[in-house]
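# Breakdown of the fold
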Amino acid sequence: MEINEFINNFADQFDDTTVDDLSPETVFHELDDYSSIVALSIIAMIDEEYGVALTGNEMKAAVTIQDLFNTVQAKIA
Amino acid sequence: MEYNPFSLAGKTILITGAAGGIGRATSVECAKLGATLILTDINEAGLQETQGLLEGDGHRYLVANLTSQEALDALVADLPSLDGFVSNAGVTKPLPVKFINPDDLERIMSINTFAPIYLTQRLCRKKKFNAGASIVFTVSVGGIYTTAPGNAMYGASKGALQVFMKNVALEMAPKVRCNSVNPGMVNTNLAGRSYSDEDKARDLETYPLKRYGEPRDVALAIVYLLSDASSWVTGHSLVIDGGRRGRRRRLCQRPANGGYGSLGGGLRAAKRYARRARLL
């Protein structure tokens with residue numbers, strides 16, 4: 001698992017935000033089209049792609065995309 | 001004074017999903033009110049625990065996987081005549097529409113929808129219901145009265161069950177009554193981990209009575225529908241949701257900066273009122 005592929009999958013869950021708008025440092029909760037349905041989609045994508053079941057609280061605790069990536073990686077290991 | 005129109009004394013009642021949550025609470029209350037129970041679930045340890053909580057004698061449990069046709073046949077063959085049937089077993093998994101997949105959809109539909117339909121079909125076919133018997137389905141407000149992100153599969157499964165309930169009520173009258181309870185969010189293991197504490201706290205604010213339900217809140221409504229106190233009630237859905245359904249709410253929550261969502265909701269509501277006004 002590597003960060004660029006993760007960001008591609010992450011961007012795929014948005015309608016308006018594209019991969020060009022995102023970097024590991026992006027504070028994703030502040031994106032214009034972030035919503036509860038996008039949050040659920042990201043949880044579902046992580047389950048489907050990486051086999052990791054993330055809780056709502058773990059989503060909320062991650063500030064940047066890098067934080068979320070680290071959380072997922074920790075749960076894979 | 002012994003007067004109690006909600007008494008279940010002398011009634012034999014089958015309860016599915018009895019190993020926990022609303023099914024367990026319903027079992028406990030029904031036993032307190034004098035019913036003799038047959039509990040079923042796929043989880044034997046949970047069934048034993050529930051049985052240990054019951055007042056009175058003569059209760060038993062049957063472990064069954066209700067999604068298997070053979071298991072349904074075996075279960076029904078083992079049953080005495082019934083005065084009540086509470087179909088309560090249910091599962092969910094919150095997923096957005098675009099992540100719906102055959103594994104999850106078929107699991108949810110087979111447990112929440114097909115199993116209750118097939119079990120009811122067999123109980124009717126095998127003439128297991130005594131005159132005056134009562135069937136209660138645990139449906140939900142979700143899917144029927146409310147929508148929430150990620151709730152499409154669960155809502156569809158419960159919506160189908162709601163429609164089935166009304167048809168059973170029609171076909172089985174006047175001998176057997178059939179109703180549903182439709183709870184809002186209840187504190188059971190079903191309440192998902194996909195929502196954060198912050199999301200839950202915000203959701204809780206939409207309940208006028210300012211708390212989620214407890215299994216016993218729903219169990220006591222089921223008791224009413226099982227008892228002769230409700231003997232002129234059939235085809236009805238009893239909403240138990242702390243007043244939540246009475247509130248208008250945007251269909252899909254957006255963060256504070258997505259204000260256009262509420263404007264759209266306002267326009268839709270205005271059009272709805274306009275249509276109603278013309279009808280009146």
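It should be emphasised that the depicted structure is a prediction, and the values quoted were computed from it without experimental measurement. (Residues numbered from 1 in each chain as written. Chains lettered and ligands numbered in written order. Predicted model: local features only at pLDDT ≥ 70, side-chain atom pairs only at ≥ 80, totals over all residues.)

## Thoughts on the overall build of chain A
Regarding its fold elements, chain A presents 4 helices and 0 strands. Taken from N to C terminus, the helices and strands of chain A fall in the order α-α-α-α. Over its C-alpha trace chain A gives a radius of gyration of 11 Å, about what one expects of a compact globule, namely 11 Å for 77 residues. If you line up chain A on its principal axes, its C-alpha atoms span 30 × 25 × 20 Å. For chain A, the residues scored as buried account for 29% of the 77 residues in total. Across chain A, contacts joining residues at least 24 apart in sequence account for 50% of those joining residues at least 6 apart. (Helix = DSSP H or I, 4+ residues; strand = E, 2+ residues; numbered from the N terminus. Rg over C-alpha atoms; globule rule 2.2 N^0.38 Å. Buried ≥ 20, exposed ≤ 12 C-beta atoms within 10 Å, placed from the backbone. Contact = placed C-beta atoms within 7 Å.)

## Digging into the sheet that holds strand S4 (residues 82–87) of chain B
All names here are of chain B. On the basis of which strands lie adjacent, the open sheet formed by 7 strands has the order S3-S2-S1-S4-S5-S6-S7 and parallel pairing. Edge positions in the sheet fall to strand S3 (60–63) and strand S7 (237–240), since each of these pairs with one other strand and no more. Neighbour-to-neighbour, the strand axes of the sheet open up by a mean angle of 15 degrees, direction not taken into account. In terms of strand pairing, strand S1 (residues 12–16) meets strand S2 (residues 36–41) through 5 bridges, oriented parallel. Its bridge partner lying in S2, Ile13 is registered against Leu37. Contacts between helix H2 (residues 44–52) and the sheet are confined to S2 and S3, with S2 contributing the most and set at about 160 degrees to the helix. (Pairing = 2+ DSSP bridges. Axes fitted to C-alpha atoms, helices over the stretch in contact; angles between N-to-C directions.)

## Observations regarding the interface of chain B and chain A
The partner chain A presents 15 residues to the 19 residues of chain B that form the contact. Classifying every residue of the side of chain B that touches chain A by side-chain character gives 8 nonpolar, 6 polar and 5 charged. (Nonpolar A, V, L, I, M, F, W, Y, C, P; charged D, E, K, R; others polar.)

## Notes on the confidence of the model for chain B
Residues and elements named next belong to chain B. Summary statistics for chain B give a mean pLDDT of 89 and a share of 87% for residues scoring 70 or more. Confidence drops under pLDDT 50 across residues 250–271; counting only partners more than four residues distant or on other chains, this segment forms 17 contacts. Interface predicted TM-score (ipTM) for the complex: 0.81; the corresponding pTM is 0.85. (pLDDT = per-residue confidence, 0-100.)

## Section: the pairing of strand S6 (residues 177–183) of chain B
All names here are of chain B. Burial runs high along S6: 7 of the 7 residues are buried. Of the two faces of S6, the one holding Arg177, Asn179, Val181 and Pro183 and the one holding Cys178, Ser180 and Asn182 are both buried throughout. The sheet contact formed by strand S5 (residues 129–138) and S6 spans 5 bridges and is parallel. Each residue of the ladder has a partner; that of Ser134, found in S6, is Arg177.

## Description of helix H4 (residues 102–125) of chain B
All names here are of chain B. Along H4, the sharpest change in direction is near 45 degrees and occurs at Ser110. For H4, the set of buried residues is Ile108, Ile111, Asn112, Ala115, Pro116, Leu119, Thr120 and Leu123. Elements in contact with the buried residues of H4: helix H3 (69–77), S4, S5 and helix H5 (152–172). Count one or two residues on from H4 and you reach Lys127, which has phi positive near 55 degrees. (Bend = angle between axes of the 7 residues up to and from the residue.)

## Re unusual backbone geometry
Residue and element names in this part refer to chain B. The amide bond that connects Ala173 to the next residue, Pro174, takes the cis arrangement and shows omega of 5 degrees. Along the chain, Pro174 falls in the loop between H5 and S6. If you check the backbone angles, Lys127 has positive phi at about 55 degrees while not being a glycine. Here Lys127 falls in the exposed class, since 8 other C-beta atoms lie within 10 Å of it.

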